[in-house]
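# An overview of the molecular structure
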Amino acid sequence: MRYLPLTDEDRRAMLAKIGVPSVESLYRDVPAGALLKDPVDLPRHAGELEVERAIGAMAAKNLGTGSVPSFLGAGAYRHHVPASVDHLIQRGEFLTSYTPYQPEVTQGTLQYLFEFQTQVALLTGMDVANASMYDGATATVEAVMMANRVTRRKKAVISGSLHPHYRQVIETYGEHTGFAVDAAPYDPEAREDILKKIDKDTSCVVIQNPSFFGHLIDFAALSEAAHAVGALVIAVCTEAISYGLVRAPGNTGCDVAVAEGQSIGNSLGFGGPYVGLFACKEKFLRQMPGRLAGQTVDVDGKRGWVLTLSTREQHIRREKATSNICTNSGLCALAFTIHLTLLGEAGLQRLAELNHATASNLADRLAKIPGVKLLNETFFNEFTLALPKPAIPVVEAMARRRVLGGVPVARLVAGKPELENLLLVAATETVTEADMAALETALKESLAEVK
Amino acid sequence: MSAIRYSKEHEWVLVDGDTATVGISPYAQEQLGDVVFVELPEIGKKIEKGKELAVVESVKAASEVYAPIGGEVVEVNNALTDAPATVNEDALGKGWFAKIKLANKSELDGLMDEAAYKAYVASL
Amino acid sequence: MADRPSGTVAAAASSGPGTISGNRGLMLEEPLIFEQGMAGRTAVDVPEVPKHQDRLGGLKRQNPIGLPGLSEPQVVRHYTRLSQKNYAIDMGVYPLGSCTMKHNPRLNEKAVRMPGLADLHPMQPVSTVQGALELIDTLAHWLKVLTGMPAVALSPAAGAHGELCGILAIRAAQVAKGDARKRILVPESAHGTNPATAAAAGYEVDPVPADARGRVDVAAFKAKLGPDVAGTMITNPNTCGLFENDIQELAAAIHSVGGYFYCDGANFNAIVGRVRPGDLGVDAMHINLHKTFSTPHGGGGPGAGPVVFSDALAPYAPVPYVVHGKGGFDLVEHDETGKAFGRLKGFHGQMGMFVRALAYMMSHGADGLRHVSGDAVLNANYLLAGLKDELTPAFEGTCMHEALFNDSFLDGTGVTTLDFAKAMIDEGYHPMTMYFPLVVHGALLMEPTETESRDALDRYIESVKGLAKRAKAGDKAYFEGCPYHTPRRRLDETLAARSPHLRWKPEEAKKAAE
């Protein structure tokens, strides 16, 4: 076995030193009958070539977004990630290091986390950010629970703009951990009046920008109304590239900004692992979940970094911790921070503009197809089309034409006939002129084909 | 003005009229190490003897401070928010946590005087 | 009140003559990106933006973000230099108990980057991701066979998330029976996530003491049982590195009051291929793929924490899950039974970790996985045997995958567990886990894993013994100054916590320029 250094001779000598006859005898505390004498019923060990072949065979059965025109979004976006990102995150000193609890031997990790926290705070316009969460959905529910702690209230108001999975995660946590969730109907045309749901029992209002349906949201009136009754505004974003072009939540009165950071630095990877961003106003610092890297000095007076304020966390606070999170998303946060460092201010802004321009031109094109209606007046790089037919079979028909033409809303929200014909279409910088033409054709043909 | 009294959980109480000032003992601050944060109760909070009054944090630990006597919180030492080190420097003086309006003076009877507390600490 | 040493110690040593640059040979100083960036510069050439209709609705960003601009060579050098300030498994022994720092095979990294996996969008039509679903189904099969459990939920993002998944399934099962309960029994030796998880799910955490053997005190456990007990969370092998030999009795006891047995599977690596938790009476258990199945720790994640379930709890598992449909594999994303307790995460789980874990399992096979656990236990016992005369083992007898010592061998030396650990750094090792589990005074927990050679263990043992001798010889001052040879020496954690400085601010640049 290529990963196991011990030889049989080593094992014999080591057992002699320990003073036991066999490895099995080290398992003497296992109840009789529960110790297996033979290997379980699974294949035997395999060489690198065989394993690569087996997994490669499974990979080959998939239609990768990189091999066909692809317009998929709904919370996960295909962007070009510079080659240096993947090279750098695979350095063993990053890849095979643990959580930086020993700061003297993990200054590398700690410094990039400090830089990551700064970047996230800058992007969102917030005072402070943590060192990452699992993903956007879990970051959002953690924000809701933080708002419950801060306000000592137990009712979250959820906008119809929020990603359905995020909503479902909040509802799951609410049902089982004891807070109320007042969710507005899904809002594909950005018409909701969420203000009327906010009252003195509301801990927070959760709203997504750009919305799940693509619309851009003005937080001004909402922030005012929420703050008037002491509730927090949680601004969710599932497309982090939009921060380059759209007004930041911290500049529009929001209290907490959470986001899915996958778009920057991380591949689609069939849904994970991704990286949750979490930022807020400084006054909530000690109620924040997750790890924090902080600046300090060493005994020689040199600047350095440590994990700090860890008394909030489970390994010290146990049942009184702000969150039960232990492992987070370190390596995905590294990919995020490297990609964003490569982009810089100028690169990010231009990339965001290119995304917007590409999507805007695509929307013009698709809206001209007979029977297809564009539901958005505003959007960043994703918009909603109302089709004359149910979206799920149309998307399947397009896939047969080797075009991944969008995400049907009904895939994420079941049992809502009024959403059945809605299709989310995203266009990033990876979309070419030819891709757009292919989508236009595939959509026309598929609409004709589907009954 | 009565003499200082201590609880087994290392809180001290000093009663003046019907108001008691509460803090943690020098022994407690020494065990805790450098105090980095103190979470104080809200003014007006009614608290029972033995229940959590405040939280004191060092780098590696967070410890509850229990109310050695019950009553209503009438004042808190906000200076600790900016200068938590005061708890280390002057635990029995400027490092006080809160003032509580006593609900039941007889609760003081169960607490130790200076000599008894010293003996108690020595036995630990 | 807690009894812990402070993180700071007065400076005792010099690091040799100074240099003009502040660098010391291969030890290179590296400023923050914000201190070397220039506005306008970028390392990404973005194509020209075509003409288009602006659809931002007046919500365009008004002010600059403040991000620095660097070129690619600067960026590559920055992160390369940062990487060189880290210790890693790739560099040496990383005996961090309870964290399982084993070798991370690079085949797994190659597999996850195959275009047919890396480029998949989670919301593609299932007809276009049959291979991905097959992979998930294969992983599920391996996990079910290895644990002897009939069902698995794959979506939890890490161990603690898996714990929540298991506890919510228990809750849902009892609520469905109209029997919502209040208390969860958690041993005092448990990892902090256990009580944090139980509390997050609204339960009262009732701690169970350990007995003199480092196991759950069975009598105390039974005394706490009652009709309001929802279940228990027990780590096995436990955090003291010992197998809970009364595990079946504990399981039967919790079942007898209608409670469920949640097993924290953080230490499954000690028994994989040899013991099936399903044979021990477990109802739910998470598996840290980043521990047992070697997906890289990545400086603190990402992980993955699939949860296996007994028949009793399986119907309450969250969405999504893969099923065998008519035309191939299908993905159930919306619960139609009304039993699933909900959804824990966006999309389908940590696919990238699934690929790596499956590559690891297939490489070892049913036969190799027995060596994985056996060699891990053998290596830990070899450390225990090699160190037991110089250090003080916390408990009698042999251990499982990790060896636990208390600090009584340091009594009277003035050297603390923390000092000792920092001295390990100068010897070229990552320190062992310190002060955990809490039930052992000044705990030092060492987990060598199966991927260390005997030679490496021999050298490690010699270093630890040498340090113990040095401490006993009265060289307290040396230990207080450790480490001496790292990019930074002991850091002031009190300062960091008293005056939190959690991000760089533009004013700092201005101040520096003045």
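Residues numbered from 1 in each chain as written. Chains lettered and ligands numbered in written order. Predicted model: local features only at pLDDT ≥ 70, side-chain atom pairs only at ≥ 80, totals over all residues. Heavy atoms only, no water.

Chain C carries the name glycine dehydrogenase (aminomethyl-transferring) in an unreviewed UniProt entry, which gives Dongia sedimenti as its organism. Under the UniProt heading Function (unreviewed entry), the note attached to chain C is "The glycine cleavage system catalyzes the degradation of glycine. The P protein binds the alpha-amino group of glycine through its pyridoxal phosphate cofactor; CO(2) is released and the remaining methylamine moiety is then transferred to the lipoamide cofactor of the H protein." Taken verbatim from the UniProt record of chain C, the Catalytic activity (unreviewed entry) comment is "N(6)-[(R)-lipoyl]-L-lysyl-[glycine-cleavage complex H protein] + glycine + H(+) = N(6)-[(R)-S(8)-aminomethyldihydrolipoyl]-L-lysyl-[glycine-cleavage complex H protein] + CO2". (UniProt positions renumbered as here; feature names shortened; annotations may be inferred.)

Labelled according to an unreviewed UniProt entry, chain A appears under the name Probable glycine dehydrogenase (decarboxylating) subunit 1, originating from Dongia sedimenti. As recorded by UniProt, the Function (unreviewed entry) comment attached to chain A reads in full: "The glycine cleavage system catalyzes the degradation of glycine. The P protein binds the alpha-amino group of glycine through its pyridoxal phosphate cofactor; CO(2) is released and the remaining methylamine moiety is then transferred to the lipoamide cofactor of the H protein." UniProt, in the comment section headed Subunit (unreviewed entry), describes chain A in these words: "The glycine cleavage system is composed of four proteins: P, T, L and H. In this organism, the P 'protein' is a heterodimer of two subunits."

## A word on the overall build of chain C
Counting secondary structure elements, chain C contains 14 helices and 13 strands. A globule of 514 residues ought to have a C-alpha radius of gyration of about 24 Å, and chain C, at 26 Å, matches this closely. Principal axes of the C-alpha set define a box for chain C whose edges measure 75 × 70 × 45 Å. As displayed, chain C has an accessible area near 16,800 Å², and 52% of this comes from carbon and sulfur atoms. Charge separation in chain C, taken as the distance between the mean sites of 50 positive and 56 negative side-chain charges, equals 4 Å. (Helix = DSSP H or I, 4+ residues; strand = E, 2+ residues; numbered from the N terminus. Rg over C-alpha atoms; globule rule 2.2 N^0.38 Å. Areas by Shrake-Rupley, 256 points an atom, 1.4 Å probe, with all protein chains shown as cover. Lys, Arg positive; Asp, Glu negative; His and termini not counted. Charge placed at Lys NZ, Arg CZ, Asp CG, Glu CD.)

## Details of the domain arrangement of chain A
All names here are of chain A. Along its sequence, chain A is carved into domain 1 (83-339) and domain 2 (344-449). A C-alpha centroid distance of 28 Å is found between domain 1 and domain 2. Between domain 1 and domain 2, the contact holds 20 residues from the first and 23 residues from the second. When domain 1 packs against domain 2, the two sides together hide about 1,800 Å² of surface, and 72% of this comes from carbon and sulfur. Among the residues domain 1 hides against domain 2, the three largest losses belong to F213, I241 and L245. Together they make up 29% of the total. Where domain 1 touches domain 2, the interface holds six residue pairs in polar contact (both at pLDDT 80 or more). With three residues, helix α7 (residues 164-177) is the largest single contributor of residues to the side of domain 1 that touches domain 2. (Domains from an automatic or database assignment. Contact = heavy atoms within 4.5 Å. Buried area = accessible area lost by both parts, 1.4 Å probe. Polar contact = N/O pair within 3.5 Å; in protein donor to acceptor, adjacent residues only side chain to side chain.)

## Some details on the sheet that holds strand β6 (residues 284-286) of chain C
Residue and element names in this part refer to chain C. Spatial ordering of the open sheet is given by β1-β7-β6-β5-β4-β2-β3, a layout of seven strands whose pairing is mixed. Both edges of this open sheet fall to β1 (151-153) and β3 (204-208), since each of them pairs with a single strand only. Direction aside, neighbouring strands of the sheet carry axes that sit 25° apart on average. Two strands pair when backbone bridges link them, and strand β4 (residues 229-235) and strand β5 (residues 260-264) are joined in this way by five bridges, in the parallel orientation. Among the inter-strand pairings, I234 is bridged to a residue of β5, identified as C263. (Pairing = 2+ DSSP bridges. Axes fitted to C-alpha atoms, helices over the stretch in contact; angles between N-to-C directions.)

## Side note on the interface of chain A and chain C
With 194 residues of chain A at the contact, the number on the chain C side is 211 residues. Our enumeration of links across chain A and chain C arrives at 14 salt bridges. The closest approach of N and O atoms between D86 of chain A and R113 of chain C, which form a salt bridge, is 2.7 Å. Along the contact surface separating chain A from chain C lie 107 residue pairs in polar contact (both at pLDDT 80 or more). Per-element tally for the side of chain A that touches chain C: the top contributor is helix α10 (residues 330-367) of chain A, with 25 residues. Residues that form the side of chain A that touches chain C fall into these classes: 96 nonpolar, 57 polar and 41 charged. (Salt bridge = Lys/Arg side-chain N within 4 Å of Asp/Glu carboxyl O. Nonpolar A, V, L, I, M, F, W, Y, C, P; charged D, E, K, R; others polar.)

## What to know about the environment of K60 of chain B
Residues and elements named next belong to chain B. In this fold, K60 is placed in the loop between β6 (52-58) and β7 (62-66). Residue K60 is classed as partly exposed on the basis of its relative accessible area, which comes to 28%. Separated by 47 residues in the primary sequence, K60 and E107 place their C-alpha atoms 33 Å from one another. (Buried < 20%, exposed > 50% of the residue type's maximum accessible area, 1.4 Å probe, protein only.)

## Quick look at the UniProt feature "domain: Aminotransferase class V" (unreviewed entry) in chain C
Here the UniProt-annotated "domain: Aminotransferase class V" (unreviewed entry) positions come out as residues 179-298 of chain C. Between the C-alpha atoms that bound residues 179-298 of chain C there is a distance of 42 Å. The span itself is 20% helix and 21% strand.

## Quick notes on the UniProt feature "domain: Glycine dehydrogenase C-terminal" (unreviewed entry) in chain C
Mapped onto this numbering, the UniProt entry gives "domain: Glycine dehydrogenase C-terminal" (unreviewed entry) at residues 375-470 of chain C. Each end of residues 375-470 of chain C is marked by a C-alpha atom, and these two atoms are 31 Å apart; helix forms 42% of the span and strand 11%.

## Here's the deal with the domain arrangement of chain C
Residues and elements named next belong to chain C. Each assigned domain of chain C is listed here: domain 1 (108-361) and domain 2 (369-497). Taking only C-alpha atoms, the centre of domain 1 and the centre of domain 2 are 31 Å apart. Opposite the 25 residues of domain 1 that make contact, domain 2 presents 19 residues. Interface of domain 1 and domain 2: buried area, both sides summed, is about 1,800 Å²; carbon and sulfur atoms make up 64% of it. A per-residue breakdown of the area domain 1 buries against domain 2 is headed by C240, N269 and R274, which together make up 27% of the total.

## Focus: the interface of chain C and chain B
Taken together, the nine residues of chain C in the interface contact 16 residues of chain B. Interface of chain C and chain B: buried area, both sides summed, is about 1,200 Å²; carbon and sulfur atoms make up 59% of it. Applying the counting criterion to the chain C and chain B interface returns zero salt bridges. At the surface where chain C touches chain B, the tally comes to three residue pairs in polar contact (both at pLDDT 80 or more).

## Let's talk about the sheet that holds strand β12 (residues 407-408) of chain A
Residues and elements named next belong to chain A. One open sheet holds the four strands; their spatial order is β10-β11-β13-β12, and the pairing between them is antiparallel. Each end of this open sheet is capped by a strand with a single partner; those strands are β10 (373-374) and β12. Most of the contacts of helix α11 (residues 391-400) go to strand β13 (residues 422-426), to which it runs at about 45°, and overall it touches β12 and β13.

## Brief notes about unusual backbone geometry
Cis geometry marks the peptide bond from V319 of chain C to P320 of chain C; its omega dihedral reads 0°. Mapped onto the elements, P320 of chain C comes out in the loop between β7 (307-309) and β8 (321-325). Following C482 of chain C, the chain continues to P483 of chain C via a peptide bond in cis, the omega torsion being 0°. By the secondary structure assignment, P483 of chain C is in the loop between α12 (476-481) and α13 (493-498). Unlike most non-glycine residues, A190 of chain A shows phi in positive territory, near 55°. Looking at the element boundaries, A190 of chain A is found in the loop between β3 (180-183) and β4 (202-208). The residue S294 of chain C is not glycine, and still its phi comes out positive at about 65°.

## Quick word on α7 of chain A
Residue and element names in this part refer to chain A. A rise of 1.5 Å per residue sets the reference length of α7, with its 14 residues, at 20 Å; its end C-alpha atoms lie 20 Å apart and thus fit the reference within 8%. Here α7 lies mainly inside the structure; twelve of its 14 residues are buried. Along α7, the residues classified as buried are P164, H165, Y166, R167, Q168, V169, I170, T172, Y173, G174, H176 and T177. Positive backbone phi, approximately 95°, marks G178, located one or two places after α7. (Expected span 1.5 Å × (residues − 1).)

## Quick word on the packing of aromatic side chains
Residue and element names in this part refer to chain A. Taken as a whole, this structure holds 17 aromatic pairs over all chains when the rule is applied. With a centroid separation of 5.5 Å and an interplanar angle of 80°, the aromatic rings of F94 and Y112 are classed as edge-to-face. One end of the pair, F94, is in helix α4 (residues 92-95); the other, Y112, is in helix α5 (residues 107-124), and 18 residues separate them in sequence. Taking the relative accessible area as the measure of exposure, F94 reaches 0% and is therefore buried. (Phe/Tyr/Trp six-rings, centres within 6.5 Å; stacked < 30°, edge-to-face > 60°.)

## Some points on the confidence of the model for chain C
Residue and element names in this part refer to chain C. Summing up the model confidence of chain C, the mean pLDDT is 93 and the portion of residues at 70 or higher is 96%. In the model, residues 1-14 has pLDDT below 50 throughout and makes 39 contacts with residues more than four positions away in sequence or in other chains. Quick note on the complex model: pTM equals 0.95, ipTM equals 0.97. (pLDDT = per-residue confidence, 0-100.)

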